[in-house]
Amino acid sequence: MTFGVWLRLGRVSNLPTVWSNTLAGSVLAGSALALGAGWQAGLCLALSLFYVGGMYLNDAFDRDIDRKERPERPIPSGVVRASTVFGIGFSLLLVGVVASFSLGRAHDPAYGTSTLCAALALATAIVAYDLYHKQNPLSPLLMGLCRVLVYVTAASAAAGAPSPAVWLGAAALLSHLIGLTYAAKQENLRVIQNLWPLGFLLLPVAYGVFLGLQRPLVLVCALVYLAWLTYALSFLVRREERSIPGGVVRLIAGISLLDAMLLAAAGALELALVAMLLCGATRLAQRYVPGT
């Protein structure tokens, strides 16, 4: 085993999108701006453990299918044992739950219970998705729920409970994830009937335009997000050199642009810029560690 294989198993190139999700969830809750960079960094790290652990478990649960379809993956190729990956994956989820609970409790003892419940729900959703996502028509919804629970966990740690702005932002994020996951599941996007799930991606754009009607900077963020979606989808529908993986990794990076739009709407313009930079960081990292 090399360090690069461990990074590949964890899809760590996508972690910047988890960080922007964490920022958005905590800021939309209403109190995160006063918590300080150290606390925010700790929460980003805690929620990163959920993502990496979930990716490890994804490969471990998919090992039999990968032997047929993707024999080059680390487990079917014999580079690492499935038992080892299972152990690391579940351990990361456990540490993530404990770390999230500790951060919520450190902020306010009253927030510990709600943060613990949200973190446990996130861990459960991750395991459920990894265990049963192949041939599951509702898997895009379940995948989106995992990201929604990142928002909820961050909001619970920052403010004790999600605010209405958190739930509205989470709904926009869920729509993006549904469209993204359906895109990843498509086998033949040349057939127009298979393109309809991508319409979910337009719902966050519409929400951003609505938020930006009275706030020009939010509208700018929404248009940047729309431009990025158009660019990403071009890889899925072009007649020549069509690349589903190329479109999917760009849609993953676009999660941070959605977060930037929501952060701008919350008045956190500096963090909105950070989220935009995290989109670029995701694409840069994906050049070295595959994002899918």
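Here we summarise the structure given alongside this text. (Residues numbered from 1 in each chain as written. Predicted model: local features only at pLDDT ≥ 70, side-chain atom pairs only at ≥ 80, totals over all residues. Heavy atoms only, no water.)

### Quick look at the overall build of the protein
In terms of regular secondary structure, the protein is built from 13 helices and zero strands. When the helices and strands of the protein are read in sequence order from the N terminus, they spell out α-α-α-α-α-α-α-α-α-α-α-α-α. A compact globule built from 292 residues should have a C-alpha radius of gyration of about 19 Å, and the protein, at 18 Å, falls within 12% of that. Across the 292 residues of the protein, 53% fall into the buried class. Looking at the protein alone, contacts between residues at least 24 apart form 73% of all its contacts between residues at least 6 apart. Accessible area of the protein: about 12900 Å², with a carbon and sulfur share of 67%. Side-chain charges in the protein split into 20 positive and 13 negative, and the spacing between the mean points of these groups amounts to 2 Å. (Helix = DSSP H or I, 4+ residues; strand = E, 2+ residues; numbered from the N terminus. Rg over C-alpha atoms; globule rule 2.2 N^0.38 Å. Buried < 20%, exposed > 50% of the residue type's maximum accessible area, 1.4 Å probe, protein only. Contact = heavy atoms within 4.5 Å. Areas by Shrake-Rupley, 256 points an atom, 1.4 Å probe, with all protein chains shown as cover. Lys, Arg positive; Asp, Glu negative; His and termini not counted. Charge placed at Lys NZ, Arg CZ, Asp CG, Glu CD.)

### Regarding the packing of aromatic side chains
Counted under the stated rule, the structure contains five aromatic pairs. Judged by centre distance (5.9 Å) and plane angle (5 degrees), the rings of Trp 6 and Tyr 56 are stacked. Of this pair, Trp 6 sits in helix H1 (residues 3–9) while Tyr 56 sits in helix H3 (residues 37–61), and the two are 50 residues apart along the sequence. Between Phe 86 and Phe 90 the ring centres are 6.3 Å apart and the planes differ by 15 degrees, which places this aromatic pair in the stacked class. Placement of the pair is Phe 86 and Phe 90 together in helix H5 (residues 82–107), with a separation of four residues, close to one helical turn. Each member of the aromatic cluster is reached from another via a ring pair, and the members are Phe 61, Phe 86 and Phe 90. Here Arg 250 stacks its cationic end above the ring of Phe 235, 4.0 Å away from the centre of that ring. (Phe/Tyr/Trp six-rings, centres within 6.5 Å; stacked < 30°, edge-to-face > 60°. Lys NZ or Arg CZ within 6 Å of the ring centre and 35° of its normal.)

### Let's talk about H3
When the terminal C-alpha atoms of H3 are compared, their 36 Å separation across 25 residues agrees well with the 36 Å that a helix rising 1.5 Å per residue should span. Buried residues dominate H3, accounting for 19 of its 25 residues. (Expected span 1.5 Å × (residues − 1).)

### Notes on the packing of helix H2 (residues 15–29) against helix H7 (residues 139–159)
Running from amino to carboxyl end, H2 crosses H7 at an angle of 50 degrees, the nearest separation of the two axes being 7 Å. In terms of axis orientation, H2 runs oblique to H7. Crossing geometry of H2 relative to H7 is assigned as right-handed. Mapping the contact onto sequence places Thr 17, Val 18, Asn 21, Thr 22, Ala 24, Gly 25, Ser 26, Leu 28 and Ala 29 in H2 and Arg 147, Val 150, Tyr 151, Ala 154, Ala 155, Ala 158 and Ala 159 in H7. (Axes fitted to C-alpha atoms, helices over the stretch in contact; angles between N-to-C directions. Parallel < 35°, antiparallel > 145°, perpendicular 65-115°, else oblique. Left-handed = near helix turned anticlockwise from the far one by under 90°.)

### So, unusual backbone geometry
Even without being a glycine, Arg 11 presents a positive backbone phi close to 45 degrees. Secondary-structure assignment places Arg 11 in the loop between H1 and H2.

### Let's talk about the environment of His 107
Tracing the sequence through the fold places His 107 in helix H5. With relative accessibility at 27%, the residue His 107 sits in the partly exposed group. Placed 68 residues apart in sequence, His 107 and Trp 39 show a C-alpha to C-alpha distance of 8.6 Å. At a separation of 3.1 Å, a polar atom in the side chain of His 107 contacts the main-chain carbonyl oxygen of Ala 158. (Polar contact = N/O pair within 3.5 Å; in protein donor to acceptor, adjacent residues only side chain to side chain.)

### Concerning the pattern of salt bridges
Considering all chains together, one arrives at three salt bridges under this definition. The shortest N-O distance in the salt bridge between Arg 11 and Asp 59 comes to 2.9 Å. Taken together, the residues Arg 11 in the loop between H1 and H2 and Asp 59 in helix H3 connect sequence positions 48 residues apart. By relative accessible area, which is 5% here, Arg 11 ends up buried. Across the pair Asp 59 and Arg 73 runs a salt bridge, and its minimum N-O distance is 2.4 Å. (Salt bridge = Lys/Arg side-chain N within 4 Å of Asp/Glu carboxyl O.)

### With respect to the layout of surface pockets
Estimates place the volume of the largest pocket at around 1400 Å³. Along the wall of the largest pocket there are 46 residues; nearest its centre are Tyr 129, His 133, Lys 134, Thr 181 and Ala 184. When contributions to the lining of the largest pocket are tallied by element, the ones reaching two or more residues are H2, H3, helix H4 (63–69), helix H6 (112–131), H7, helix H8 (164–185) and helix H11 (244–253). By residue class, the composition of the lining of the largest pocket is 22 nonpolar, twelve polar and twelve charged. (1 Å grid on protein atoms, 1.4 Å probe; cavity = no way out; pocket = protein on both sides within 12 Å on 5 of 7 lines; lining within 4 Å. Points joined across faces, edges and corners; volume = space filled by probe spheres on them. Nonpolar A, V, L, I, M, F, W, Y, C, P; charged D, E, K, R; others polar.)

### Examining the side chain of His 176
If you trace the backbone, His 176 turns up in helix H8. Apart from the residues within four sequence positions on either side, His 176 is in contact with Phe 200, Leu 201, Pro 204, Tyr 225, Leu 229, Leu 251, Gly 254, Ile 255 and Leu 258.

### Some details on the side chain of Asp 130
Relative to the helices and strands, Asp 130 is located in helix H6. The buried charged residue Asp 130 lacks any salt bridge partner; its closest oppositely charged side chain belongs to Arg 11, at an N-O distance of 8.0 Å. Among residues more than four places away in sequence, those in contact with Asp 130 are Gly 54, Leu 57, Asn 58, Phe 61 and Asp 62.

### Focus: the packing of H3 against H5
When two helices pack together, their arrangement is given by the angle between the helix axes and the distance between those axes. For the pair H3 and H5, interaxial distance at closest approach is 8 Å and the crossing angle is 155 degrees. Between H3 and H5, the angle is such that the two are roughly antiparallel. Note on packing geometry: the crossing formed by H3 with H5 is left-handed. Residue classes in the contact of H3 with H5 are distributed as 22 nonpolar, seven polar and no charged.

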